[in-house]
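This is what each chain is made of:
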Amino acid sequence: METIAKKQEGICWKGRKLKDLLGESERLYEETGCYYGLEKLKLHEDDPLKLELLFSRLLAATVAGREATRMISGSPLVREVAELATALYTAEGDCVLQSTGIIIHIPLMGQVIKYMISQNYEEVEGINEGDIFTSNDNAIAGMHPPDVYDICPIFWQGKLIAWAATVIMEAELGAISPGCMPSAATERFVDGLRFSAEKTGVNDEFLPSVIRRIRFSTRLPDLFILDRKGALGANVKVREEIKEVAQEFGVEYFLEGAREIIEMERRAQLNRVRTRTVPGKLHSPVAFENYMTRTFVPPHHAIDQVTLVPMDFFIKPDGKYFLDLDGAGPWGWHPSNTTPSSMTGAMCLALTQTIAYTGSANHGTILCADMNLPYDTYVNPSSPNIATQNLFSFPINGGSVWIGLQSRAFFSRGFVEECMVGSPGTALYSMAGKDHMGNDFGFLMTDVAGTHGSGAFAIRDGFSSYAIWQPVTDMGNCEIWELILPLIWTGRNLLPDGCGWGKYRSGFAIVGNWMIYKTPLLVFDCTPVVMADKIYPNTGTHGGYPAVGPFYKLVTNANTDELIKEMKPLAHGMGYPGKGDIEENIKGKFALETSRGVTMKDVSKHGDWIQLSYGSQGGGFGDPIKRDVKLIKRDLDNRLITIDACRKIHCAEANYDRTRDEWIIDDKKTEQLRKEKIRARLKKGIPVKEWYKNRRKDILQKNMPDLIKTMYNGSLEKGKRWPGEFRAFWGLPENFTF
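Residues numbered from 1 in each chain as written. Predicted model: local features only at pLDDT ≥ 70, side-chain atom pairs only at ≥ 80, totals over all residues. Heavy atoms only, no water.

> If you had to explain the overall build of the chain to someone new, which residues and values would you point to?
When helices and strands are tallied, the chain shows 21 helices and 22 strands. Taken over C-alpha atoms, the radius of gyration comes to 27 Å for the chain, in line with the 27 Å a tight globule of 738 residues would show. Summarising its shape, the C-alpha atoms of the chain cover approximately 90 × 65 × 55 Å along the three principal directions. Burial analysis of the chain (738 residues in total) assigns 60% to the buried set. Partitioning the contacts of the chain with sequence separation of at least 6, the portion at a separation of at least 24 is 74%. Total accessible area on the chain is roughly 29,300 Å²; 54% of this is exposed by carbon and sulfur atoms. Computed over 86 positive and 91 negative side-chain charges, the inter-centroid distance for the chain is 6 Å. (Helix = DSSP H or I, 4+ residues; strand = E, 2+ residues; numbered from the N terminus. Rg over C-alpha atoms; globule rule 2.2 N^0.38 Å. Buried < 20%, exposed > 50% of the residue type's maximum accessible area, 1.4 Å probe, protein only. Contact = heavy atoms within 4.5 Å. Areas by Shrake-Rupley, 256 points an atom, 1.4 Å probe, with all protein chains shown as cover. Lys, Arg positive; Asp, Glu negative; His and termini not counted. Charge placed at Lys NZ, Arg CZ, Asp CG, Glu CD.)

Quick look at the structure:
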């Protein structure tokens, strides 16, 4: 009998089984509304400073683990841009706290742990001290396959008490060329190397079979393997610190304290929402463009598609958020669908960057947000075989819109300093071919984290060098990138006139110039992170304007060697808009691409050039003609805007004083220009009733492009509530379709 009892004993503290712990946690939350049924916070009430000390020790462990990884990794994505994060989880997979970094993955690594619990890894696979589990399968959880999760159990006196997990983004995954986020990925079978919550190591070492698989499956295996070792180093550092904490505080205190930390954050999040927002409903549609006829895909996937996702954001009186995406259109064979898991990551990202930014965000934060994600739609595809390279599409496009909606709720409550006009519309690029040492390679460039401009705020201009998905934004050092890539950096500059205009403008994106170096073969892919070609989500608010989109300029068969020999100028920046030095100085075959999700058709080689502005940026806040002339002068003096754009958009006149090397605002002329602009607007404007009548006529006559008609039909077919509201608003027949 004793032997049988031992076999049935679980691996968790006091012999509990993982499934039982998870089931108990969910049941207690359902019954009480409090995490793990903690209606009273005994540890906090008895000694709040001791609990705060526990929190600080745990937080320091995750931050230290993350920094240790940066010293081990060889990838510039980790060392330069810091594309990683480390977190601590309860035994049942709930996040207790997290380091800085790419925190969008924090709840998702917990979902992988819960998947392992649901699949009974405890008995089937076995979970032991020193084990390593790796996952980048987005059918289980995740944002896209390049973000690889390494997860390690933490044991104390032979019992599992927690998990440590680290996410690192890989630049190369062996996917369909080029790089790790190719525009041509239309189904999961071309996503590249995949680990499906797999045991990849024992006794703190990766299995030889795993190392072999990485070497034979990726184009940059050394970077991938070093990242795995870096992630393991972070997890081991957290694990050993937790053991010291368990020794010092007592394991029972650690277990109970971790739960109270989660419950305290849940209550804090509800209080933040109640304090800073006004309950109610906010609405905005989001559109996603996928033009699969512009890249290289199988014929049956070469379909252009625009998908509508109506977004209703409810703020409840108790402080809970509810996101209802009823009316979301159909999913498709393209890389930009999203999933319930990635939507959870999106919510984590948006919350931690806008309202839950105290450093204590965890599972308790996410408990305060629910979503309706209709099955068999763009936000919850019914096929397990969809491509998952770009699940980031909704978090960045839709997340930007959601931030704008939440900002309106802040504004309504008077928290104007919290209002931000969305987030940038990220664009990336991948490259593949031969590197400058003659090796086959593929690479996703991620210095974009530092090239964005944020949306404007209600009380000030937006930030330059900003990325919501990477809070510790950094472009990295050019010299480090040049060690890896066959490129020479010849200039980085803010893009003049590239902001979202307004009373307060957005930040500026950065434009980069590269000379292609010592390679006979290089191709570029405009990665489809955000498929916004004609319908932009970052449209500005309160009268602000949207910003410009990305562009990719490629010059092949360039005369670079001749220019260098003659010591003539090369390309270093944009120069005056429309008269850039790449056009002025470089001779060759020019190609310009402004879309995302396409592959540049020309093949490049040594001496060719590429100039990119792929950071994009958010919109402006307020009417541009109400911008303070002192701010306009500052932007003119800093060469951020041109006098032509200043006159056209701000309706401000200024003259350049060469002796003083500064711009002088002509106040009288500016006042005149702005009065003329207001009169012109009034003359151009029409009453809302007339606008509504004209647009309704367009709808009834179906006077719009076929892609848009198909888009509306998709939402009318899939939605339950939204179709009725749409037809009622426009006074349409009950069964109207386009």
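Having put the structure on the table, let's press on.
> Please give an account of the confidence of the model for the chain that cites residues and values.
Mean pLDDT over the chain stands at 92; residues scoring 70 or higher make up 98%. Low pLDDT (under 50) marks residues 1-5, which in the prediction has 0 contacts with non-local residues, meaning those over four places away or in another chain. (pLDDT = per-residue confidence, 0-100.)

> Lay out the pairing of strand β4 (residues 147-156) with the relevant residues and their values.
Every other side chain in a regular strand lies on the same face of the sheet, so the side chains alternate between the two faces. Burial analysis of β4 places 10 of its 10 residues in the buried class, which makes it a mostly covered element. Of the two faces of β4, the one carrying D147, Y149, I151, P153 and F155 and the one carrying V148, D150, C152, I154 and W156 are both buried. Pairing of strand β3 (residues 132-135) with β4 involves 3 bridges; the strand directions are antiparallel. Paired with S135 across the strands is Y149, a residue of β4. Inspection of the sheet shows β4 paired to strand β5 (residues 159-169) by 10 bridges, in the antiparallel sense. (Pairing = 2+ DSSP bridges.)

> I'd love a proper account of helix α21 (residues 722-730), names of residues and values included.
Those residues of α21 not exposed but buried are W722, P723, F726, R727 and W730. Down the axis of α21, the buried set is contained in an arc of 130°. They therefore lie on one face. Of the exposed residues in α21, the ones pointing more than 90 degrees away from its buried face are A728 and F729. Each element contacted by the buried residues of α21 is listed here: β9 (304-315), α19 (688-700) and α20 (706-718). Following α21 by one or two positions, G731 adopts a phi angle in the positive range, close to 65°. (Arc of directions from axis to C-beta.)

> Go over a nonpolar patch on the surface with me, naming the residues and quoting the values.
Together, M71, I72 and L226 make up a nonpolar patch on the protein surface, roughly 270 Å² of accessible area in all. Relative to the helices and strands, L226 is located in helix α8 (residues 221-249). Classification of L226 by relative accessible area gives partly exposed; the value is 33%. (Patch = residues over 30% accessible without salt bridge, like charges linked within 9 Å, V, L, I, M, F, W, Y side chains within 5 Å. Salt bridge = Lys/Arg side-chain N within 4 Å of Asp/Glu carboxyl O.)

> Lay out the sheet that holds strand β14 (residues 487-494) with the relevant residues and their values.
Here we have 5 strands laid out as an open sheet, ordered β14-β15-β20-β17-β18, and antiparallel in their pairing. In this open sheet, the two strands that pair with only one neighbour each are β14 and β18 (589-593). Shown here is a sheet whose adjacent strand axes are inclined to one another by a mean of 15°, direction ignored. (Axes fitted to C-alpha atoms, helices over the stretch in contact; angles between N-to-C directions.)

> Run through the side chain of H436, naming residues and quoting values.
With respect to the helices and strands, H436 occurs in the loop between β12 (428-434) and β13 (440-445). Here E482 takes part through its backbone oxygen, which lies 3.3 Å from a polar atom of the side chain of H436. Residues contacting H436, with those up to four places away along its chain left out, are E482, L483, I484, L485, P486, Y517 and K518. (Polar contact = N/O pair within 3.5 Å; in protein donor to acceptor, adjacent residues only side chain to side chain.)

> So, the sheet that holds strand β16 (residues 522-527): which residues are in play, and what are the values?
The antiparallel open sheet is built from 4 strands, whose spatial order is β13-β12-β16-β19. Each edge of the open sheet carries a strand with a single partner, namely β13 and β19 (598-599). Summarising the sheet, β16 and β19 pair through 2 bridges and their orientation is antiparallel. Directly across from D525, in β19, lies its bridge partner T599.

> Go over the packing of helix α10 (residues 340-354) against helix α12 (residues 393-413), please, and point to the residues and values.
For the pair α10 and α12, the least separation of the axes is 10 Å and the interaxial angle reads 40°. Relative to α12, α10 is oriented oblique. Note on packing geometry: the crossing formed by α10 with α12 is right-handed. In this structure, α10 uses S342, M343, A346, M347, A350, L351 and T354 to contact α12, whose residues at the interface are F394, P395, W402, I403, Q406 and F410. Residue classes in the contact of α10 with α12 are distributed as 10 nonpolar, 3 polar and no charged. (Parallel < 35°, antiparallel > 145°, perpendicular 65-115°, else oblique. Left-handed = near helix turned anticlockwise from the far one by under 90°. Nonpolar A, V, L, I, M, F, W, Y, C, P; charged D, E, K, R; others polar.)

> Can you break down the pattern of salt bridges residue by residue, with the values?
Within the structure shown, the criterion is met by 51 salt bridges. Between D222 and R215 there is a salt bridge whose closest N-O contact spans 2.9 Å. Owing to a relative accessible area of 45%, D222 belongs among the partly exposed residues under this scheme. Among the charged side chains, a network of salt bridges with common partners joins E129, D204, R239, E240 and K243.

> Let's hear about helix α18 (residues 667-684): which residues, and what values?
End to end, α18 covers 26 Å across 18 residues, agreeing with the expected 26 Å (1.5 Å per residue, within 8%). Looking only at α18, the buried set comprises T670, L673 and R674. Each buried residue of α18 lies within a common arc of 95° when the element is viewed along its axis, so the set occupies one face. Projecting away from the buried face of α18 at angles above 90 degrees are the exposed residues K668, R679, L682 and K683. Looking at the buried positions of α18, the neighbouring elements they touch are α16 (629-637), α17 (643-650), β21 (653-657) and β22 (662-666). Where α18 begins, the capping side chain belongs to D666, and its oxygen is found 3.3 Å from the backbone nitrogen of K668. (Expected span 1.5 Å × (residues − 1).)

> Can you tell me about unusual backbone geometry, naming the residues and giving the values?
Residues other than glycine seldom take positive phi values, yet Y36 does so here, at roughly 55°. The exposure class of Y36 is buried, given its relative accessible area of 8%. Not every positive phi belongs to a glycine, and D376 is a case in point at roughly 65°.

> An account of the packing of helix α7 (residues 208-217) against α8 is requested, with residue identities and associated values reported.
Running from amino to carboxyl end, α7 crosses α8 at an angle of 145°, the nearest separation of the two axes being 8 Å. Of the two elements, α7 crosses α8, and the hand of that crossing is right-handed. Across the interface between the two elements, I211, I214 and R215 from α7 touch P221, D222, F224, I225 and R228 from α8. By residue class, the composition of the contact of α7 with α8 is 5 nonpolar, no polar and 3 charged.

> Describe the packing of aromatic side chains, listing the residues and the values that go with them.
Under the counting rule described, the total for this entry stands at 28 aromatic pairs. Measuring from centroid to centroid gives 6.5 Å for F463 and Y466, while their planes differ by 40°, and the two rings are tilted. Judged by its relative accessible area of 37%, F463 falls in the partly exposed class. Its relative accessible area of 12% is what places Y466 among the buried residues. Among the aromatic residues, ring-to-ring pairing joins Y712, W722, F726, F736 and F738 into one connected group. Looking at R228, its charged tip hangs above the ring of F224, at a distance of 4.8 Å from the centre. A cation sits over an aromatic face here: R460 above F457, 4.0 Å from the ring centre. (Phe/Tyr/Trp six-rings, centres within 6.5 Å; stacked < 30°, edge-to-face > 60°. Lys NZ or Arg CZ within 6 Å of the ring centre and 35° of its normal.)

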